[in-house]
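One letter stands for each residue in the lines below.
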Amino acid sequence: RVGLPFAPRRQLRAWYDGEWGRPGPLRRFRPVTLDTEADGRLIASALDWQGSGDPFPLARADGIAALPENEPAPTSGLVDVVPVSESALVWGAS
């Protein structure tokens, strides 16, 4: 919007549950659903996604997980997630 200051989107940290894929030099992004376990941990579950030409998982996603570059598998399992649905904003309210 013209005249408004830039405000970055809120990011959440969540435990990633899904295929990590091949390591590469670029950061990768995967649509995920978000859920909370009984112990309070936020879980980002990867949706079955065939790439940028597959819009349907994006429509169901609560967020987009950023998978770090050059890592064959997560070391801690934690990833950054950008919420994209109204329901996902509940997890980032605190």
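Quick caveat: nothing in here was measured; it's all calculated off a predicted structure.

Definitions and limits used
- Throughout this document, residue positions are counted from 1 along each chain, in the order its sequence is written.
- Where local features are concerned, this predicted model is filtered to residues with pLDDT of at least 70; where side-chain atom pairs are given and counted, the filter is 80 or more; whole-chain, interface and lining totals use all residues.
- Hydrogens and water are ignored here; the side-chain numbers use all heavy atoms of the structure.
- Buried Ala, Val, Leu, Ile, Met, Phe, Trp, Tyr and Cys residues that are joined via side-chain atoms within 4.5 Å together make up what is termed a nonpolar core.
- Buried residues are those whose accessible area, probed at 1.4 Å on protein chains only, stays under 20% of the maximum for their type, while exposed residues exceed 50% and partly exposed ones sit between those limits.
- In this text, helices come from DSSP runs of H or I with a minimum length of four residues, and strands from runs of E with a minimum of two, each type numbered from the N-terminal end.
- For this document, the term salt bridge refers to a Lys or Arg side-chain nitrogen within 4 Å of an Asp or Glu carboxyl oxygen.
- Note: two strands are recorded as paired if DSSP finds a minimum of 2 bridges between them.
- Axis definition: a line fitted to C-alpha atoms, over the contacting stretch in the case of helices. Angles run 0 to 180 degrees between N-to-C directions.
- Charged-residue counts in this description rest on Lys and Arg as positive and Asp and Glu as negative, His and the chain ends being excluded.
- We call two N or O atoms a polar contact when they sit within 3.5 Å, provided that within protein one can donate a hydrogen and the other can accept it, with sequence-adjacent residues counted only if both atoms are side-chain atoms.
- Contacts: residue pairs with any heavy atoms within 4.5 Å of one another.

Whenever I open this one, the nonpolar core confuses me. Can you help?
Proteins that are soluble and globular tend to have nonpolar side chains buried together. Formed by Leu12, Ala14, Tyr16, Trp20, Val32, Leu34, Leu42, Ala44, Ala65, Leu67, Val79 and Val81, the largest nonpolar core amounts to twelve residues. Elements that contribute at least two residues to this core include exactly strand E1 (12–17), strand E2 (28–36), strand E3 (42–46), strand E4 (63–67) and strand E5 (78–83). By residue number, the principal contributor to this core is E1, which donates three residues.

I tried to follow the pattern of salt bridges on my own but got confused; where do I start?
Side chains bearing opposite charge may pair, as long as their charged atoms lie close to each other. Summed over the entire model, instances satisfying the criterion amount to four salt bridges. For aspartate 80, the salt bridge is made with arginine 13, and the minimal N-O distance between the two is 3.0 Å. Here the residue aspartate 80 occupies a position in strand E5, and arginine 13 occupies one in strand E1, the gap between them amounting to 67 residues. The exposure class assigned to aspartate 80 is partly exposed, which follows from its relative accessible area of 28%. Between arginine 41 and aspartate 39 there is a salt bridge whose closest N-O contact spans 3.3 Å. For aspartate 39, a relative accessible area of 56% puts it in the exposed group. What you see here is one network of salt bridges that share partners, running through Glu37, Asp39 and Arg41.

I'm lost on the sheet that holds E1 in this one. Help?
Strand-to-strand pairing in sheets goes through backbone hydrogen bonds, with the strands running parallel or antiparallel. Here we have five strands rolled up into a closed barrel, ordered E1-E3-E2-E4-E5, and mixed in their pairing. Recorded for the sheet is a direction-independent mean angle of 50 degrees between the axes of neighbouring strands. Bridge analysis of E1 against E5 gives four bridges, and the strand direction is antiparallel. Following the sheet pairing, alanine 14 is matched in E5 by valine 79.

Would you take a moment to explain the pairing of E3 for this structure?
In regular strands, side chains alternate between the two faces of the sheet. The pairing of E1 with E3 spans three bridges and is classified as parallel. The residue bridging tyrosine 16 from the neighbouring strand is alanine 44, located in E3. Relative to E3, E2 runs antiparallel, the two being bridged by five bridges. Opposite threonine 33, over in E3, you have serine 45 as the bridge partner. Adjacent in sequence and paired antiparallel, E2 and E3 are bridged by five residues, among which glycine 40 carries a positive phi angle near 95 degrees.

Looking at this structure, how should I read the side chain of arginine 30?
With respect to the helices, strands and loops of the structure, arginine 30 is situated in strand E2. The buried charged residue arginine 30 lacks any salt bridge, with aspartate 48 as its nearest oppositely charged partner at 5.9 Å. Reaching out from arginine 30, the side chain makes a polar contact with the backbone oxygen of leucine 47 at a distance of 2.9 Å. When sequence neighbours within four positions are dropped, the list of residues in contact with arginine 30 reads Tyr16, Glu19, Ala46, Leu47, Trp49, Gly63, Ile64, Ala65 and Leu67.

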